[in-house]
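The lines below spell out each chain.
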Amino acid sequence: MNEALPDVVPAEPREKIWRRNLPATAAFGWLRAGARDFAIGLHQGLAYGLLVCLVLAGCVWVLFAYGADYILLPVLAGFMVVGPIFAMGLYEKSRRLSAGLPVTFADMIFVRPASGYQVVFTGALLCLLMMVWLRAAVIVYALFFGLLPFPGLDHIASMLFTTPVGWAMLVVGSAVGGLFAAFSFAIGAISLPMLLRERSDALTAMGTSMALVWHNLDVMLVWAGIVMGLFVLSIATGFVGLIVIFPILGHGTWHCYRALRPAA
């Protein structure tokens, strides 16, 4: 006996668990919130920013001292990859402020994340990504200029902007660097604050960060533009601007995390 087939009904819409429906302008709100956190205990933020400034300036001095200035630009760009590691103390300060807890400079230096050593593993992966980025930059240079020695920072601009080979390297290098930058931003934007506050493993945190960035791409692109623009500004000031800019961006990243994971 023939039985009637059940009616075909459309699938129920899936809940968009990663989408937060935040306006693109919310990124400027995170920046303002970061500035407010920075202003609270101003001396702590300035001291923290000074330490980061000295670390980066020391790295640049080492490059020049050992004749490795040819990787200066990739190193400066790579600093944005590992920047979230250096900002852990700033996340801790913002966390304590939001919880109404007192904050000392020791709390910012000796951070005890909820995920324990998973933070170290995440930091190691970000450092590895930075090293691969540096190697890729050297390979791109070698592909276009062969064994031609690096002309020095005084002459690199004319080599890049006045020769066809230089323009070709700029295009390819920018594309390769853009891929590294996009990937590092996606996995690092949320993962370190998440590991500080939540018990999770490194790969889950990085995967969560990537999913949140992808599904909230409009506001995260604005935030990425703010971070890059302010970092370039700090370089233009001879790293002095990092003393103020880095803490504000670190605190702002914490508020970015709390906006994207409000129920965590």
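Residues numbered from 1 in each chain as written. Predicted model: local features only at pLDDT ≥ 70, side-chain atom pairs only at ≥ 80, totals over all residues. Heavy atoms only, no water.

Asker: Can you tell me about the side chain of Asn-216, naming the residues and giving the values?
Answerer: Structurally, Asn-216 can be placed in the loop between helix 10 (202-215) and helix 11 (217-236). The class of Asn-216 is buried, set by a relative accessible area of 1%. Setting aside its immediate chain neighbours within four residues, Asn-216 contacts Trp-18, Arg-19, Arg-20, Asn-21 and Leu-260. (Helix = DSSP H or I, 4+ residues; strand = E, 2+ residues; numbered from the N terminus. Buried < 20%, exposed > 50% of the residue type's maximum accessible area, 1.4 Å probe, protein only. Contact = heavy atoms within 4.5 Å.)

Asker: Tell me what's going on with the nonpolar core, and back it up with residues and numbers.
Answerer: Formed by 61 residues in total, the largest nonpolar core has its most connected members in Trp-30, Met-220, Trp-223 and Phe-246. In terms of residue count, helix 12 (residues 242-260) provides more of this core than any other element does, nine residues in total. In contact with Trp-30, other than residues within four places in its own chain, are Leu-22, Val-219, Met-220, Trp-223, Gly-252, His-255, Cys-256 and Ala-259. With seven residues, the next largest nonpolar core counts Val-140, Tyr-141, Met-159 and Met-169 among its residues. (Core = buried A, V, L, I, M, F, W, Y, C linked by side-chain atoms within 4.5 Å.)

Asker: Give me the lowdown on helix 3 (residues 72-86), citing residues and values where you can.
Answerer: Counted at 1.5 Å a residue, the expected span for helix 3 with its 15 residues is 21 Å, and the 19 Å between its end C-alpha atoms agrees. At Met-80, helix 3 shows its largest kink, close to 45°, and the proline Pro-84 lies no more than four residues downstream. For helix 3, the set of buried residues is Leu-72, Pro-74, Val-75, Leu-76, Gly-78, Phe-79, Val-81, Val-82, Gly-83 and Pro-84. (Expected span 1.5 Å × (residues − 1). Bend = angle between axes of the 7 residues up to and from the residue.)

Asker: Could you give an account of unusual backbone geometry, naming the residues involved and the relevant values?
Answerer: Phi at Asn-21 is positive, roughly 55°, even though this residue is not glycine. Within the secondary structure, Asn-21 is located in the segment before helix 1 (26-39). Using a relative accessible area of 61% as the deciding quantity, one classes Asn-21 as exposed. In this structure, Phe-239 is a non-glycine residue whose phi angle is positive, near 75°. Here Phe-239 shows up in the loop between helix 11 and helix 12. Phe-239 sits in the buried class, given a relative accessible area of 12%.

Asker: How would you summarise the packing of helix 6 (residues 118-145) against helix 8 (residues 164-188) if you had to cite specific residues and measurements?
Answerer: Running from N to C, helix 6 and helix 8 cross one another at 170°; their axes reach a closest spacing of 10 Å. For the element pair helix 6 / helix 8, the angle class is roughly antiparallel. In the contact of helix 6 with helix 8, the residues fall into 18 nonpolar, four polar and no charged. (Axes fitted to C-alpha atoms, helices over the stretch in contact; angles between N-to-C directions. Parallel < 35°, antiparallel > 145°, perpendicular 65-115°, else oblique. Nonpolar A, V, L, I, M, F, W, Y, C, P; charged D, E, K, R; others polar.)

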